[in-house]
Amino acid sequence: MISIFGSTLGFMSPGVLWLFPLLLGGLFYVYRRKGRAPRVAVASVMLLRALKRSVVARQKFVPPLRFFFELLLLSLLLLAAAGLFRKGAENHIAILIDNSLSMGTLDFATRQGDSFFKTALDDARRTVRYLSSSTLIDLYVTSPQLRRLGEGNLGSSAALAELDAIELAYAADNLQSALQTLSNDSHYESIEVLTDHLLRGSSDAAVDAQKDARFRFPLVRPKNKDLAFQNVAISSVSGRATSADQGAGVIRAAVSAFVLKEADVTLTLEGLRTDSNGWKTLPLDQKKARIRGGDTVTLQFEHVPFSYQGFKLRLQPDRDAATLDAIKEDNEAWFALGTSHTSLAVISDFPPQKLGLDKIRTAKFRQASLAEGAALLSEQSNDAALIFHRTVPSRLPDKSTLFILPPSGNGLFPAAPLVPSSSVTRWSSAHPIISYLNLPGLQLKSFSPLTLLPWTEELVSTTNGAAIIAGEYHGKRYAVIGFELFPYEGKNTPLLSILTLNLLKWLTDAGVGGDSIDANSVVPLDAGVREVRYVNGEELPLIKRGTATAVNVPRPGLVQIQGSSTDTSFRSINFSNGTESNSLQVNTFMIPARPPKAEETNESQGLVHLLCTGVFFLLLADLLILLRLVRLPTRLTGVRNG
Amino acid sequence: MLPSSFTPQLLSQLEMLKVQTRRRFLGSRQGGHLSLKRGHGIEFSDFRQYELGDNPRHIDWAVYARSERLYVKRFQEEQNLSVLVLLDASASMFTPAEDKKWEMARDISLALSYITLMEQDSVAIAALGAMSTPVCTGPKAIHHLGRSLLDAKPREQADLQREVQAAAARMRFPGAAIFISDFLMPLDVIEQLFRPLRAKNLDLTAIQVLGVSDINPLPGATSAVVVDSESGEEVELVMDEEVRQEYGSMLVEHNEKLKQFLAQRRISYALAMANDELADIIMKVLPSTGLVA
């Protein structure tokens, strides 16, 4: 491609242009021969040779105007044959930067510890700086999804500014799909791809011939097969309260070693707490482990005080960190107990505080009433589950529901009138609701025996009947307690408290111990949320989706979700991807097939017509000259030509 | 068969002419030319006393009247003349074709041959580089000579000197040799060509035939690569006015030298232009050399 007067010209068959030197040489030869003095036979050169001035008749060759005329004509024909076409107003290139987590691999072997990502950005900057000022640049990143940066086509300075703002994403890449998308855009003359994936070769010459030749792949990851990039990573984190008052619990972390042999690692647990002076991070515990290459081990921290708003886990190799830990971004994980979206509606004459439910920090309870009507019972409501305390609705809700001491004679769960104390005779210990319960210790002063329904099972039986039944119906879970469960008093009533927590956990299927949100996901927020920020202070913009609100969490960390002045919850954001963390594995890609050049053909046709029209008029002029209707100067000097 | 230039008018003019020589030659039979023999010719030689048996018609009565003695006249014996016409048929005589040098040279040789044959003399034509004829006599032989010359085609590699030698060798009796050529060759070559003829003690005449291109080469051209028609030698030239004048001077100089050369060797010289009329050449140019009268 060549740039002339702001237009970019290209050739469909550039190989034809190699004929031009041949053309020029041939025309030159013809005219030089024509320019030679004619050969004339004479009787004898005896006297002629003796002439004193037998000057060489062939003077310096000065081509006549006709030479240039014919050269122009033949040049136009050659350009038409080469398929000259005009591209868009300017050159248009794309630069795709792989910003997935694996690009955070540090290369101490060949690049003094620079990451692949830094290498890629440096290379992109170099490319941008060497481009002409008229070149249009489109910058793309691969993660979390293929995205073009900036507004419209970028110039050099805008592209450099965008490059400075690119960050490593806590996400995987879909490189092959991204390549195909860019390949399908025929506007790009060149597509530069900066990735740690390596190009997969092909042994099929026919396939190679079809590849899109616009792609360029500057080397980001060293091709040396003996070079191994090893890494250790936290691959998952979870936890749950183990005490009835949720005051303590366990936190588990899975650690993977993508190493050749083995790695000794230390996992540190830190608690995060905020006070009037801000956030404090306090080391709580450490675990060490020796992990064989390719294995994943789970380390568990016991008796973790859950008085902290959140927890942070840090992983590091005990030695050879530069060799064994190529990616630092996967060495941290977060954990928080808060489940801000686990909200339950309590339909009771008493507010949740009266029922002691405010002591349960892993869920939020709102007081609701049957007056809310069908919306309360609808599956679409924001409540994770319903609690009917001493009341029942007119129909079975379309949501998981806990019925506590339903009135006798209700139409949903028939319950007998209250009976005096009963002893527990049987229980289903395998059921999650019953886990961790010492039921023989359960003394029921009064309860309402329940009637089983066909889809329910008896979890706790007493001498007077079923005390607890539960079951699933149309995908929803329902539990019925035939005795008073509330008020929730935590460790003061450990059995009931644990039963309550088990019930809530079973109904909401939520990690009462806290669940983690994936980085780069959009998190729906409860109504009334005013602010979401990372504990380091970074505020995240709220996203409006109709009447709902959400927030995008781009990176791991602990986020604080602020509702009303007292309504604060914390969520942990994590990213874990074995493919991205496995720096030993070299991912490959293939160059997409060449797309059709429909637009170029259209443009080239336009120029071919122009060239042919030019040739036509030149030939017409040549005819007029031949017929001597138009005279051109035939000589520039006294040399007679032909 | 004669070329078209031989009109009946020309032929009648030619019949009035006679090839002459500067010397007397011994012929093979009685012809129209004075020979060295004395006898019954018609040319008065001197007196002698009457002897019994002499023809009384030869008695010179004017001398008797003066001397009262009887004397008879003695006459030279008239013999036939052998004429050899050597015609340069090399490539130079045919180049350029439009000059028609060869045609003129051919016509001159046929005209001389006709004159010779009409005088009961014998003639042989040697087209050097092409063909040669036997010795011919009688007026009718002209047609044979004409046909032979019309069919003559130059050979590429002709050794003119050898052919001159061969032609001279066929001359059994001394006579006249006429060499027709453009003589655009070095004098030493010309000497080589005439040497066999001079050795035969022939009465030599050189007729130089030049074409328009020999006088004014490359008319209208400003430059050219001239190629020698016989050797193929190439000379690149720029032909401006000055060069043309220089060439003209060189040609004149060459011809002067040629004339001197020939004169020194008692060879008559005549210059004929190929674009002149044949009749003018025969009737006006050649008589000035004494070749015809």
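Novice: What is the right way to look at the sheet that holds strand E31 (residues 531-534) of chain A in this model?
Specialist: Sheets are built from strands paired through backbone hydrogen bonds, the pairs being either parallel or antiparallel. Residue and element names in this part refer to chain A. Reading across from one edge, E29-E36-E35-E31-E32 is the order of the five strands in this open sheet, with mixed pairing throughout. Two strands lie at the open edges of the sheet, namely strand E29 (516-518) and strand E32 (539-540), each paired on one side alone. Two elements, E31 and E32, share two bridges in a ladder whose sense is antiparallel. Across the sheet, the residue bridging to Arg533 is Glu539, located in E32.

Novice: Explanation requested: the interface of chain A and chain B in the structure shown.
Specialist: The extent of an interface is frequently quoted as the accessible surface area lost upon association of the parts. Listed as interface residues are 24 residues of chain A and, on the opposing side, 32 residues of chain B. The contact between chain A and chain B buries some 2600 Å² in all, and 62% of this surface belongs to carbon and sulfur atoms. Taken together, the connections running from chain A to chain B amount to two salt bridges. The closest approach of N and O atoms between A:Arg39 and B:Glu234, which form a salt bridge, is 2.0 Å.

Novice: Sorry, what's going on with the packing of aromatic side chains here?
Specialist: Aromatic rings in a pair are described by how distant their centres are and how their planes are angled relative to each other. One pass over the full model with this rule turns up 21 aromatic pairs over all chains. Here the aromatic rings of A:Phe217 and A:Phe589 are separated by 4.7 Å at their centres, their planes lie at 45°, and the arrangement is tilted. With a gap of 372 residues between them, A:Phe217 in the loop between strand E12 (215-216) and strand E13 (231-241) and A:Phe589 in strand E37 (residues 588-589) connect regions that are remote in the sequence. Residue class for A:Phe589 comes out buried when judged on its relative accessible area of 2%. Between B:Phe179 and B:Phe194 the ring centres are 5.2 Å apart and the planes differ by 45°, which places this aromatic pair in the tilted class. With B:Phe179 in strand E8 (residues 176-181) and B:Phe194 in helix H6 (residues 187-199), this residue pair connects regions lying 15 residues apart in the sequence. For B:Phe194, a relative accessible area of 1% corresponds to the buried category. Linked through ring pairs, A:Phe388, A:Phe403, A:Phe413, A:Trp455, A:Tyr473 and A:Tyr478 together constitute an aromatic cluster. Over the ring of A:Tyr308 we find A:Arg273; its NZ or CZ atom is 4.2 Å from the centre of that ring.

Novice: Would you mind showing me how to read the nonpolar core here?
Specialist: If you look at soluble globular proteins, the nonpolar side chains tend to sit buried side by side. By size, the foremost hydrophobic cluster in this structure holds 48 residues, and its most contacted members are B:Leu14, B:Ile108, B:Ile207, B:Val209 and B:Leu286. When residues of this core are assigned to their parent elements, the largest contribution, 10 residues, is made by helix H3 (residues 101-118) of chain B. Apart from residues no more than four positions distant in its own chain, B:Ile108 is found in contact with B:Ile180, B:Ile207, B:Val209, B:Ala272, B:Leu278, B:Ile281, B:Ile282 and B:Leu286. If you look at the next biggest cluster of nonpolar residues, it comprises 41 residues, including A:Leu154, A:Tyr170, A:Leu540 and A:Phe575.

Novice: Sorry if this is basic, but what is going on with the side chain of A:Ser422 here?
Specialist: All names here are of chain A. Along the chain, Ser422 falls in strand E24 (residues 422-427). A polar side-chain atom of Ser422 sits 3.2 Å from the main-chain carbonyl oxygen of Pro420. At 2.3 Å, the side chain of Ser422 forms a polar contact with the side chain of Asn464. Setting aside its immediate chain neighbours within four residues, Ser422 contacts Leu444, Phe447, Thr462, Thr463 and Asn464.

Novice: Which parts of the structure should I look at to understand a nonpolar patch on the surface?
Specialist: All names here are of chain A. There is a patch of nonpolar side chains on the surface, built from Phe616, Phe617, Leu620, Leu623, Leu624, Leu626 and Leu627 and spanning about 680 Å² of accessible area. Relative to the helices and strands, Leu623 resides in helix H11 (residues 598-626). Judged by relative accessible area, Leu623 falls into the partly exposed class, the value being 42%.

Novice: Which parts of the structure should I look at to understand helix H8 (residues 241-264) of chain B?
Specialist: Residue and element names in this part refer to chain B. Helix length check: H8, at 24 residues, gives a terminal C-alpha distance of 35 Å against a target of 34 Å (1.5 Å per residue), a fit within 8%. Those residues of H8 that sit buried are Val243, Arg244, Glu246, Tyr247, Met250, Leu251, His254, Asn255, Leu258, Phe261 and Leu262. In the core, the buried residues of H8 are packed alongside H6, strand E9 (203-210), helix H7 (212-215), strand E11 (234-238) and strand E12 (268-273). Following H8 by one or two positions, Arg266 has its phi on the positive side, about 55°.

Novice: Would you take a moment to explain helix H4 (residues 156-165) of chain A for this structure?
Specialist: Because each turn of an α-helix spans 3.6 residues, side chains separated by three or four positions in sequence point in the same direction. All names here are of chain A. Buried within H4 are the following residues: Ala159, Leu160 and Leu163. Along the long axis of H4, the arc covered by the buried residues comes to 100°, so they all point the same way. Those residues of H4 that are exposed and aimed more than 90 degrees away from the buried face are Ser157, Asp164 and Ala165. Each element contacted by the buried residues of H4 is listed here: strand E5 (92-97), helix H3 (116-130) and strand E8 (136-141).

Novice: Please explain unusual backbone geometry as it appears in this structure.
Specialist: Only a minority of non-glycine residues have a phi that is not negative, and only a minority of peptide bonds are not trans. Cis rather than trans, the peptide bond between A:Phe486 and A:Pro487 has omega equal to 10°. Locating A:Pro487 in the fold gives a position in the loop between strand E28 (476-481) and helix H9 (494-508). Look at A:Leu405: it is not a glycine, yet its phi comes out positive at around 45°. Take A:Leu405: it is sitting in the loop between strand E23 (401-404) and E24. Notably, B:Glu68 is not glycine yet its phi reads approximately 55°, a positive angle. With respect to the helices and strands, the residue B:Glu68 is situated in the loop between helix H2 (61-67) and strand E3 (71-79).

Novice: So what exactly am I meant to see when it comes to the pairing of strand E35 (residues 557-562) of chain A here?
Specialist: Each regular strand displays side chains that alternate between the two surfaces of the sheet. Residues and elements named next belong to chain A. Counting buried positions along E35 gives six out of six residues, so the element sits mostly inside the fold. In the sheet, E31 pairs with E35 via four bridges, with the strands oriented antiparallel. For Val532, the partnering residue across the bridge sits in E35 and is Ile561. Judged from the six bridges that link them, E35 and strand E36 (residues 568-574) form a sheet pairing that is antiparallel. By the bridge assignment for E36, Leu558 is matched with Ser572.

Novice: Help me understand the confidence of the model for chain A, please; the structure alone is not making it clear to me.
Specialist: Residues and elements named next belong to chain A. On average, residues of chain A score 82 in pLDDT, and 87% of them reach the 70 mark or higher. A low-confidence stretch, residues 598-605 stays under pLDDT 50, and its non-local contacts, those more than four residues away or across chains, total 13 contacts. Residue range residues 634-642 is modelled with pLDDT below 50. Its contacts to residues more than four positions away, or to other chains, number 19 contacts.

Novice: Looking at this structure, how should I read the pattern of salt bridges?
Specialist: Oppositely charged side chains may form a pair once their charged atoms are brought near each other. All names here are of chain A. Using the criterion set out here, one finds 35 salt bridges over all chains in the structure. Note that Glu192 and Arg216 form a salt bridge whose closest N and O atoms lie 2.3 Å from each other. Residue Glu192 is found in strand E10 (residues 190-194), and its partner Arg216 is found in strand E12; the two are separated by 24 residues along the sequence. Here Glu332 makes a salt bridge to Lys312, at a shortest N to O gap of 3.3 Å. Linking Glu332 in strand E19 (residues 332-335) with Lys312 in strand E18 (residues 310-317), this pair joins segments that are 20 residues apart in sequence. Using a relative accessible area of 16% as the deciding quantity, one classes Lys312 as buried. Taken together, the salt bridges that share partners define one network made up of Asp114, Lys118, Asp122, Arg125 and Asp164.

Novice: Help me understand the side chain of B:Arg244, please; the structure alone is not making it clear to me.
Specialist: Residue and element names in this part refer to chain B. With respect to the helices and strands, the residue Arg244 is situated in helix H8. As a buried residue without a salt bridge, Arg244 has its nearest oppositely charged side chain in Glu241, at a separation of 4.9 Å. Side-chain polar atoms of Arg244 contact the side chain of Asn216, separated by 3.3 Å. In terms of polar contacts, Arg244 uses its side chain to reach the backbone carbonyl oxygen of Leu218, at 2.7 Å. When neighbours within four sequence positions are excluded, Arg244 is seen to be in contact with Asn216, Pro217, Leu218, Pro219, Gly220, Ala221 and Met239.

Novice: What is the right way to look at the pairing of E36(A) in this model?
Specialist: Residue and element names in this part refer to chain A. Within E36, six of the seven residues are buried, which leaves it mostly tucked inside the rest of the structure. Of the pairings in the sheet, the one linking E29 to E36 comprises three bridges and is parallel in character. Counterpart to Ile517 in the pairing with E36 is Ile573.

Novice: Please explain the sheet that holds strand E17 (residues 296-305) of chain A as it appears in this structure.
Specialist: Residue and element names in this part refer to chain A. One open sheet holds the three strands; their spatial order is E13-E14-E17, and the pairing between them is antiparallel. Across the chains shown, the open sheet's two edge strands, defined by having one partner strand only, are E13 and E17. For this sheet, the mean inter-axis angle between neighbouring strands, taken without regard to orientation, is 20°. For E13 and strand E14 (residues 248-258), the ladder comprises 10 bridges, and the chain directions are antiparallel.

Novice: Just checking my understanding: could you explain the environment of B:Ile108 for this structure?
Specialist: Residue and element names in this part refer to chain B. Along the chain, Ile108 falls in helix H3. Taking relative accessible area as the criterion, Ile108 reaches 0% and is therefore assigned buried. C-alpha separation for the pair Ile108 and Ala279, spaced 171 residues apart in sequence, amounts to 9.2 Å.

Cut-offs used in this document
Residues numbered from 1 in each chain as written. Chains lettered and ligands numbered in written order. Predicted model: local features only at pLDDT ≥ 70, side-chain atom pairs only at ≥ 80, totals over all residues. Heavy atoms only, no water. Pairing = 2+ DSSP bridges. Helix = DSSP H or I, 4+ residues; strand = E, 2+ residues; numbered from the N terminus. Contact = heavy atoms within 4.5 Å. Buried area = accessible area lost by both parts, 1.4 Å probe. Salt bridge = Lys/Arg side-chain N within 4 Å of Asp/Glu carboxyl O. Phe/Tyr/Trp six-rings, centres within 6.5 Å; stacked < 30°, edge-to-face > 60°. Buried < 20%, exposed > 50% of the residue type's maximum accessible area, 1.4 Å probe, protein only. Lys NZ or Arg CZ within 6 Å of the ring centre and 35° of its normal. Core = buried A, V, L, I, M, F, W, Y, C linked by side-chain atoms within 4.5 Å. Polar contact = N/O pair within 3.5 Å; in protein donor to acceptor, adjacent residues only side chain to side chain. Patch = residues over 30% accessible without salt bridge, like charges linked within 9 Å, V, L, I, M, F, W, Y side chains within 5 Å. Areas by Shrake-Rupley, 256 points an atom, 1.4 Å probe, with all protein chains shown as cover. Expected span 1.5 Å × (residues − 1). Arc of directions from axis to C-beta. pLDDT = per-residue confidence, 0-100. Lys, Arg positive; Asp, Glu negative; His and termini not counted. Axes fitted to C-alpha atoms, helices over the stretch in contact; angles between N-to-C directions.

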